[in-house]
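Examination of the molecular architecture
Here are the chains, one letter per residue:
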Amino acid sequence: MQFFDDSLLPETQDPLVIQVAPYAPSFFPRDSDDIPLSYAEQVQKAVDCYNAGATVLHVHVREPDGSGSKDLDRFNEMLDRLRTAVPKMILQVGGSISFAPKNDGEAALWLSDDTRHMLANLSPAPDQVTLAVNTNQMNVMELITEDDARGTSMGETNYAEAYTEMYYEAGPKFMKEHMKRLTAAGIQTHFMVGCARDLETVERLVRSGHYLGPLVLNWVAIGGGHDGPNPRNLMEFINRLPQNAVFTVEGLMRNVYPLCAMGIAMGFHVRVGQEDNLWGRKGERATSVQQIEKMVRISEELYRPIATGEEARRIYKIGTFYSSVEETLRENGWLPNRNKNFGVANVRSAPLMAA
């Protein structure tokens, strides 16, 4: 992605899209007073986040006992309620569905491929479903300090060990089939990418015709198999992005604030919320709404406006799909394939000339 002399001026940047993840499947209700439980509470949380300035809602659903729901019927009901309560928000369902350990000491595991594929059948359909790229470690404990874990389940031995050993599965077969089903349902794939290596995988999937749509993605800087919160990692990732990517910065715990501040200044978008971060200042809790309000203040101090719901849909290119590999590459700002058979029978470029 290229910067021009005026790229840091707010009049050349899109309004800021704030993505919020308030439902916190990685935590238990006892970990935070800001985790909603009932349908009514979960819907009200979405309303509060929208009113504070967030226009993308990362959706997970809770059971009445507070555990992360894996029941897609509950997702259907929640989406229906959200469509009425926050009709202008982009509804983005978390592709993991719920990865929290169900009982004390159990591993934190993602659900089967078949279950995750069923997200394409949700009704009403969400605007987006997130897609993890490549099977990978997800050891969030690598970056969570003792201070940040204290007083939460992640500060307890059994849960800390479960999250230390957590990984997600997203192999080639799963990714290709999942994108195919989401596209057929008119749902945008939102890529969750942890490093440049996985970004290369997305590009190959596009070049070989497995994804025909805009590149809308998060850089998930949570360590433990992903990039860490090093500004050099962020800038290298940005350097690797095609020019027209719609890019959101995502961090973990108190690293969220400096990373998002950099993202706002450079014209990108941000994610906050209880799923990623429970804290404001060291030792002081911050609600999802308070985190949104901080992003609004930072952006407004730089004279960059906050996106409305309508503007967020335009920026995120919701409902946009392309008809060919060539169009997808062009619209996202990648160079065209050198060979139209890219990815077929391992043909990636023109054959070498005979000596």
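Not measured: the values here are computed from a predicted model.

Moving on: unusual backbone geometry. The step from S123 to P124 runs through a cis peptide bond, and the omega angle for that step is 5 degrees. For A24, which is not glycine, the phi dihedral falls at a positive 55 degrees. Unusually for a residue other than glycine, N134 sits at a positive phi of about 70 degrees. Relative to the elements of secondary structure, N134 occurs in the loop between β4 (128–132) and β5 (136–137). Taking relative accessible area as the criterion, N134 reaches 18% and is therefore assigned buried.

Take helix α2 (residues 72–85) next. Helix length check: α2, at 14 residues, gives a terminal C-alpha distance of 20 Å against a target of 20 Å (1.5 Å per residue), a fit within 8%. Along α2, the positions that sit buried rather than exposed are L72, R74, F75, M78, L79 and L82. Each buried residue of α2 sits inside an arc of 140 degrees when the element is viewed along its axis, so together they form one side. Exposed and oriented more than 90 degrees from the buried face of α2 are D73 and T84. In this structure, the buried residues of α2 make contact with α1 (39–52), β2 (56–59), β3 (90–93) and α3 (113–117). N-capping of α2 is provided by D71, with a side-chain oxygen placed 2.9 Å from the backbone N of D73.

Moving on, we get to the confidence of the model for the chain. When pLDDT is averaged along the chain, the result is 91, and 91% of the positions lie at 70 or above. When the criterion is pLDDT under 50, residues 99–109 qualifies, and its contacts beyond four places in sequence or with other chains add up to 28 contacts. Residue range residues 345–355 is modelled with pLDDT below 50. Its contacts to residues more than four positions away, or to other chains, number 8 contacts.

Turning next to the packing of aromatic side chains. This model, assessed by the stated rule, comprises 6 aromatic pairs. Centroid distance F28 to Y159: 5.1 Å. Interplanar angle 55 degrees. Geometry classified as tilted. One end of the pair, F28, is in the loop between β1 (18–20) and α1; the other, Y159, is in helix α5 (residues 157–164), and 131 residues separate them in sequence. Take F28 and Y159: they sit in the same class, and that class is buried. With a centroid separation of 6.2 Å and 35 degrees between ring planes, the pair formed by W219 and F237 is classed as tilted. Of this pair, W219 sits in strand β8 (residues 216–220) while F237 sits in helix α8 (residues 231–240), and the two are 18 residues apart along the sequence. Of the two residues, W219 and F237, both sit in the buried class. Among the aromatic residues, those joined into a cluster by ring pairs are F3, W219, F237, F247 and F268. Geometry around F174 places R116 over its ring, the cationic atom sitting 4.1 Å from the centre.

Once that is clear, we can look at the environment of P172. Among the structural elements, P172 can be located in helix α6 (residues 172–184). Look at P172 and you get exposed, because its relative accessible area is 53%. C-alpha separation for the pair P172 and F27, spaced 145 residues apart in sequence, amounts to 29 Å.

Right, let's get into the pattern of salt bridges. For the structure on display, the rule yields 22 salt bridges. A salt bridge links D14 to R314; its shortest N-O distance comes to 3.9 Å. With a gap of 300 residues between them, D14 in the segment before β1 and R314 in helix α11 (residues 309–316) connect regions that are remote in the sequence. Judged by relative accessible area, which is 34%, D14 ranks as partly exposed. The shortest N-O distance in the salt bridge between R74 and E63 comes to 3.5 Å. Placement of the pair is R74 in helix α2 and E63 in the loop between β2 and α2, with a sequence separation of 11 residues. Across this residue pair, the class does not change: R74 and E63 are buried. A network of salt bridges, in which partner residues are shared, links E200, R204, E236 and R240.

Cut-offs and rules
- Counting restarts for each chain: residues are numbered from 1 in the order of the written sequence.
- Note on the predicted model: pLDDT of at least 70 is required for a residue's local features to be given, and 80 or more for side-chain atom pairs to be given and counted; whole-chain, interface and lining totals, by contrast, use all residues.
- To get the side-chain values, all heavy atoms of the structure are used, and hydrogens and water are removed first.
- Secondary structure elements follow DSSP: runs of H or I of four or more residues count as helices, runs of E of two or more count as strands, with numbering from the N terminus.
- Three exposure classes are used, based on accessible area relative to the maximum for each residue type with a 1.4 Å probe and protein chains only: buried under 20%, partly exposed in between, and exposed over 50%.
- Here, expected helix span is obtained from the residue count minus one, scaled by 1.5 Å.
- What the arc covers is the set of directions going from the helix axis to the C-beta atoms.
- Any two residues whose heavy atoms approach within 4.5 Å at even a single point are treated as in contact.
- Definition of a polar contact: a pair of N or O atoms within 3.5 Å, with one able to donate and the other able to accept a hydrogen when the atoms are protein atoms, and with sequence-neighbouring residues admitted only if both atoms are side-chain atoms.
- Per-residue confidence from the predictor is given as pLDDT, running between 0 and 100.
- Only Phe, Tyr and Trp rings are paired, with Trp represented by its six-membered ring, and only when their centres lie within 6.5 Å; those with planes under 30 degrees apart are stacked, over 60 edge-to-face, the remainder tilted.
- The criterion for a charge sitting over a ring is simple: Lys NZ or Arg CZ within 6 Å of the ring centre, and within 35 degrees of the ring normal.
- Salt bridges are defined by distance alone: a side-chain nitrogen of Lys or Arg within 4 Å of a carboxyl oxygen of Asp or Glu.

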